[in-house]
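# Architecture and fold: a report
Each chain, letter by letter, is given below.
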Amino acid sequence: MKDGELDSTDKRILYYLQQDARGTSSSDIAEKLGLSSSTVRTRLNRLEDTGIVRGYHVDIDYDLAGYPLYTKIICTAPVPERSALANRARDVHGVTAVREIMTGERNVYVNAIGKDHDDLNRITEELDGLGLDIVDEQLIRDEFVCPYHGFLDEDGADQ
């Protein structure tokens, strides 16, 4: 496999992992694809070793976990400092994700959680203290994640 060149089997493995990585075994995927589970495990190991699969992440309902406020904080960073500031933002207590945006003035998006508005104010103050200019804040009701359907064949097989 060359960088970025996945065959249809690798793409289908990724699709089924995105649906439910924790509850899907190599045997489950093998059955859906008509392969042996050892073939799926070998391919999955290669996807992990090459860095295509970077990890397995838990989907947390922060509200049920005691953090009812979930916000996206949209920031502007000077382009030469954008990567460093985005990386430093991950260390702010309450930050759950940081996205570095390659285009536009709004070039760092920070997801954060808090128990109350004081938590969110503290987080924005800390981000401001790092050198990020806070442009907007959006209170998020919920977020839904889904697998990338492009990993399935064009004809929609295996849906």
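Within an unreviewed UniProt entry, the label attached to the protein chain reads Asn family transcriptional regulator, and the organism entered is Haloferax denitrificans ATCC 35960.

### A few points about the overall build of the protein chain
A tally of helices and strands in the protein chain yields five helices and four strands. Mapped in sequence order, the helices and strands of the protein chain form the string α-α-α-β-α-β-β-α-β. The C-alpha atoms of the protein chain give a radius of gyration of 19 Å, which is well past the 15 Å a tight globule of 159 residues would have. The 159 residues of the protein chain split such that 33% are buried. Sequence-distant contacts, at least 24 apart, represent 67% of the contacts inside the protein chain between residues at least 6 apart. The positive charge centre, built from 18 side chains, and the negative charge centre, built from 31, are 5 Å apart in the protein chain.

### A word on the packing of aromatic side chains
In the structure shown here, the tally under the stated rule is three aromatic pairs. Seen in terms of ring centroids, Tyr15 and Tyr16 are 5.3 Å apart; in terms of plane orientation they differ by 80°. Their pairing is edge-to-face. With a relative accessible area of 6%, Tyr15 lands in the buried category. When the ring of Tyr62 is compared with that of Tyr70, the centres are 5.9 Å apart and the planes differ by 45°; the resulting orientation is tilted. Accessibility expressed as a relative area gives 23% for Tyr62, which makes it partly exposed. Here the guanidinium or amino end of Lys115 rests over the ring plane of Tyr67, the centre of that ring lying 5.3 Å away.

### Section: the pattern of salt bridges
All told, the structure shown has five salt bridges when counted by the stated rule. Here Arg43 ties to Asp10 by a salt bridge, and the two come within 2.8 Å at their closest N and O atoms. Within this pair, whereas Arg43 is found in helix H3 (residues 37–49), its partner Asp10 is found in helix H1 (residues 8–20), the two being separated by 33 residues in sequence. Among the salt bridges present, the one from Glu100 reaches Arg82, with a minimum N-O distance of 3.0 Å. Placement of the pair is Glu100 in strand S2 (residues 95–100) and Arg82 in helix H4 (residues 82–89), with a sequence separation of 18 residues.

### Overview of H3
For H3, with 13 residues, the first-to-last C-alpha span of 18 Å sits near the 18 Å given by 1.5 Å per residue. Among the residues of H3, Val40, Arg43, Leu44 and Leu47 are the ones counted as buried. Seen end-on, H3 carries its buried residues on one side only, within an arc spanning 100°. Every exposed residue of H3 that faces more than 90 degrees away from the buried side is listed here: Thr42 and Asp49. If you follow the buried residues of H3, they end up packed against H1 and helix H2 (26–33). After H3 finishes, the residue Gly51 shows a positive phi value of roughly 85°.

### Things to note about the sheet that holds strand S4 (residues 133–139)
Ordered by their spatial adjacency, four strands build an open sheet running S2-S3-S1-S4, and the pairing between neighbours is antiparallel. One side of each edge strand has no neighbouring strand; the edge strands of this open sheet are S2 and S4. Averaged over neighbouring strand pairs, the angle between their axes works out to 20° when direction is ignored. Relative to S4, strand S1 (residues 69–76) runs antiparallel, the two being bridged by six bridges.

### Quick notes on the nonpolar core
Within the largest apolar cluster, 17 residues are counted, with the highest numbers of intra-cluster contacts made by Ile73, Val108, Val110, Ile123, Leu127 and Leu132. Of all the secondary-structure elements, those providing two or more residues to this core are S1, H4, strand S3 (108–114) and helix H5 (117–130). Looking at this core, the element that brings in the most residues is H5, giving four residues.

Conventions adopted
Residues numbered from 1 in each chain as written. Predicted model: local features only at pLDDT ≥ 70, side-chain atom pairs only at ≥ 80, totals over all residues. Heavy atoms only, no water. Helix = DSSP H or I, 4+ residues; strand = E, 2+ residues; numbered from the N terminus. Rg over C-alpha atoms; globule rule 2.2 N^0.38 Å. Buried < 20%, exposed > 50% of the residue type's maximum accessible area, 1.4 Å probe, protein only. Contact = heavy atoms within 4.5 Å. Lys, Arg positive; Asp, Glu negative; His and termini not counted. Charge placed at Lys NZ, Arg CZ, Asp CG, Glu CD. Phe/Tyr/Trp six-rings, centres within 6.5 Å; stacked < 30°, edge-to-face > 60°. Lys NZ or Arg CZ within 6 Å of the ring centre and 35° of its normal. Salt bridge = Lys/Arg side-chain N within 4 Å of Asp/Glu carboxyl O. Expected span 1.5 Å × (residues − 1). Arc of directions from axis to C-beta. Pairing = 2+ DSSP bridges. Axes fitted to C-alpha atoms, helices over the stretch in contact; angles between N-to-C directions. Core = buried A, V, L, I, M, F, W, Y, C linked by side-chain atoms within 4.5 Å.

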